[in-house]
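Descriptive structure summary
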Amino acid sequence: MKLHFNPLSLIFFFFLFGAAMSSNQHDYSDALSKSILFFEGQRSGYLPNDQRLTWRRNSGLSDGWTHNTDLTGGYYDAGDNVKFNFPMAFTTTMLAWSVIEFGELMPPPELRNALVALRWSSDYLLKSVSQLPNRIFVQVGDPIADHNCWERPEDMDTPRTAYVVNAPNPASEVAGEITAALSAASIAVRSSDPGYSQTLLQIAVKTFQFADMHRGAYSSNDDIKNDVCPFYCDFNGFQDELLWGAAWLRKATGDESYLSYIESNREPFGASENVDEFGWDNKIGGLNVLVSKEVITGNMYNLEAYKASAESFMCSLVPESPGQHVEYTPGGLLYKPGGSQLQHATTISFLLLVYAQYLSRSSLSLNCGSLSVPPDHLRRLAKKQVDYILGENPMGLSYMVGYGERYPKRIHHRGSSLPSIVDHPGTIGCKDGSVYFNSTEPNPNVLIGAVVGGPGEDDMYDDDRSDFRKSEPTTYINAPFVGVLAYFAANPSFS
């Protein structure tokens, strides 16, 4: 049964009751725990004995066999059973950045869980670049065949094609993002596992060499473009990933050559324009914030242009500031046309908190023309997005599965919507799952912690499995949310 409500009645109800909700009603610690637990439901490969979402089982155990390579492990990026290395690498970068900026605020058990989630993907990414300097794997699983089926990952009988790019063919956006992921992960695990940290960094350097030496988009390769472009083709170009990867290498190594790279290539790579976006396919917003720390805390004024762009982005999020602004829905959700909305809310909330942290450490404020914006104001903007996701919205609905009393029950997710192997040991074939896809019943397996795509620009949400833009969770929605929730879990009284 779908959730259908009169929009005017809902908004009236929200203002009567929802707006009166106290921020203390949100258990940010519980949300943090669940946001990390979600990743266990996305695991591919051999599952460990301490797997907590027990309705999942081993899957994708032959991945890589056609190339005589072990490509098991990693994450299914969303509600399907394909491993797309481009968004998986971005997920890894954001998990690592969450730990770097906010790990010290996490309770020890959750920090451990976050590092386990991080390593599950970084281990896989190491496998995907294990044949450098001349080969990189960019994807596992035929997406066309996979999307034509509705079956559990444990039952997959669609082709597990391993998509490979051989030099001199390019894959700069994927290799650039994997560089960022491995570099960021090396920082995140440096204190807990210095040997693994060093391995990650060494491979990150080699991966960047491939990305930079063979410049171009992986979708330009004729033998794979038809199977990657309908899903994760980077329409913003590959240059931002080269700068992003170099910036993370600079942060991880302190090497001056990477500093020179990001300084000299900013304009040639088209990164000089102000961009109010950050996500798996556009790194400019995050790049500007990351590099701005070199200016704010390191006095690297030769990078001032990055800081200026970061400030322009931050100011566009402040409704009171002069100039152009990003859009918000009537209920207060940050809105970007196209795709799932909450991916923008979680990534940009993360950047707001990180930039506020950089400013606070140097006792600075954000300058938006004549308006001086203190760091806490940026934190309040982020908190509004968090509280919206957790239930303070016109629907009165938590968009995190398993959090709160009301949350989406019919998410677009194969493993969650089909009976588990525990309850249905027999195989459920490609088309046999259609009856479950079309069912109006709630999903039998609760994918705890999954943040769905979210509502439309009118703040409305139908609990409809077939509406994947709204009801499908993704790893790259959750990854930055881990860091955001860590901050508010440690500062529950912030208002």
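Residues numbered from 1 in each chain as written. Predicted model: local features only at pLDDT ≥ 70, side-chain atom pairs only at ≥ 80, totals over all residues. Heavy atoms only, no water.

Our working definition: UniProt positions are given in the numbering used here, feature names are shortened, and annotations may be inferred rather than shown by experiment.
The protein chain has the name Endoglucanase in an unreviewed UniProt entry, where Brassica napus is given as its organism. In its Catalytic activity (unreviewed entry) section, the UniProt record describing the protein chain reads: "Endohydrolysis of (1->4)-beta-D-glucosidic linkages in cellulose, lichenin and cereal beta-D-glucans." You can read under Sequence similarities (unreviewed entry) in the UniProt record for the protein chain the words "Belongs to the glycosyl hydrolase 9 (cellulase E) family."

1. Quick word on the overall build of the protein chain
Applied cut-off: Numbering of helices and strands runs from the N terminus; a helix is a DSSP stretch of H or I covering at least four residues, while a strand is a stretch of E covering at least two. C-alpha atoms define the radius of gyration, and 2.2 Å times the number of residues to the power 0.38 defines the globule rule. Remark: exposure states derive from per-residue accessible area (1.4 Å probe, protein chains only) relative to the maximum for the residue type, with buried under 20%, exposed over 50%, and partly exposed in between. Only heavy atoms enter the contact rule, under which two residues are in contact if any of them lie within 4.5 Å. For the charge count, each Lys or Arg is scored as positive and each Asp or Glu as negative, with His and the chain ends excluded. Charged side chains are reduced to one point each, which is NZ for Lys, CZ for Arg, CG for Asp and CD for Glu.
The helix and strand inventory of the protein chain stands at 18 helices and seven strands. The C-alpha radius of gyration of the protein chain comes to 22 Å, within 12% of the 23 Å expected for a compact globule of 495 residues. For the C-alpha atoms alone, the extent of the protein chain along its principal axes is close to 65 × 60 × 40 Å. The proportion of buried residues among the 495 residues of the protein chain is 61%. Contacts in the protein chain between residues at least 24 apart in sequence constitute 75% of all its contacts with a sequence separation of at least 6. Counting 37 positive and 56 negative side-chain charges, the protein chain places the centres of these two groups 4 Å from one another.

2. Brief notes about the pairing of strand 2 (residues 135-140)
For clarity, the threshold we go by: What makes two strands pair is DSSP finding at least two bridges between them.
Here strand 2 lies mainly inside the structure; five of its six residues are buried. Pairing of strand 1 (residues 83-84) with strand 2, which is carried by two bridges, proceeds in the antiparallel orientation. Looking at strand 2, one finds that K83 is bridged to V140. Note: strand 2 against strand 3 (residues 162-166), five bridges, orientation antiparallel.

3. Digging into the pattern of salt bridges
Short version of the rule: Put simply, a salt bridge is a Lys or Arg side-chain nitrogen that is within 4 Å of an Asp or Glu carboxyl oxygen.
One pass over the full model with this rule turns up 20 salt bridges. K83 is the partner of D63 in a salt bridge, and the nearest nitrogen-oxygen pair spans 2.8 Å. Of this pair, D63 sits in the loop between helix 2 (28-37) and strand 1 while K83 sits in strand 1; the two residues are 20 residues apart in sequence, bridging distant segments of the chain. Take D63 and K83: they sit in the same class, and that class is buried. In this structure, D387 and K383 form a salt bridge, with 2.8 Å as the shortest nitrogen-oxygen distance. With D387 and K383 both in helix 14 (residues 375-389) and four residues apart, this pair spans about one turn of that helix. D387 gets classed as buried once you look at its relative accessible area, which sits at 6%. Take K383: its relative accessible area is 8%, and that puts it in the buried class. Connected through shared salt-bridge partners, D63, K83 and R160 make up one network.

4. Details of the sheet that holds strand 3
Spatially, 1-2-3 is the arrangement adopted by the three strands of the open sheet, whose pairing is antiparallel. Across the chains shown, the open sheet's two edge strands, defined by having one partner strand only, are strand 1 and strand 3.

5. Observations regarding the side chain of Q139
Short version of the rule: Here a polar contact is taken to be a pair of N or O atoms separated by no more than 3.5 Å, where protein atoms must pair a possible hydrogen donor with a possible acceptor and residues adjacent in sequence count only if both atoms sit in side chains.
Here Q139 shows up in strand 2. One polar contact links the side chain of Q139 to the main-chain carbonyl oxygen of G141, over a distance of 3.4 Å. Discounting chain neighbours no more than four positions away, the residues touching Q139 are V82, K83, F84, N85, T161, A162, Y163, D227 and V228.

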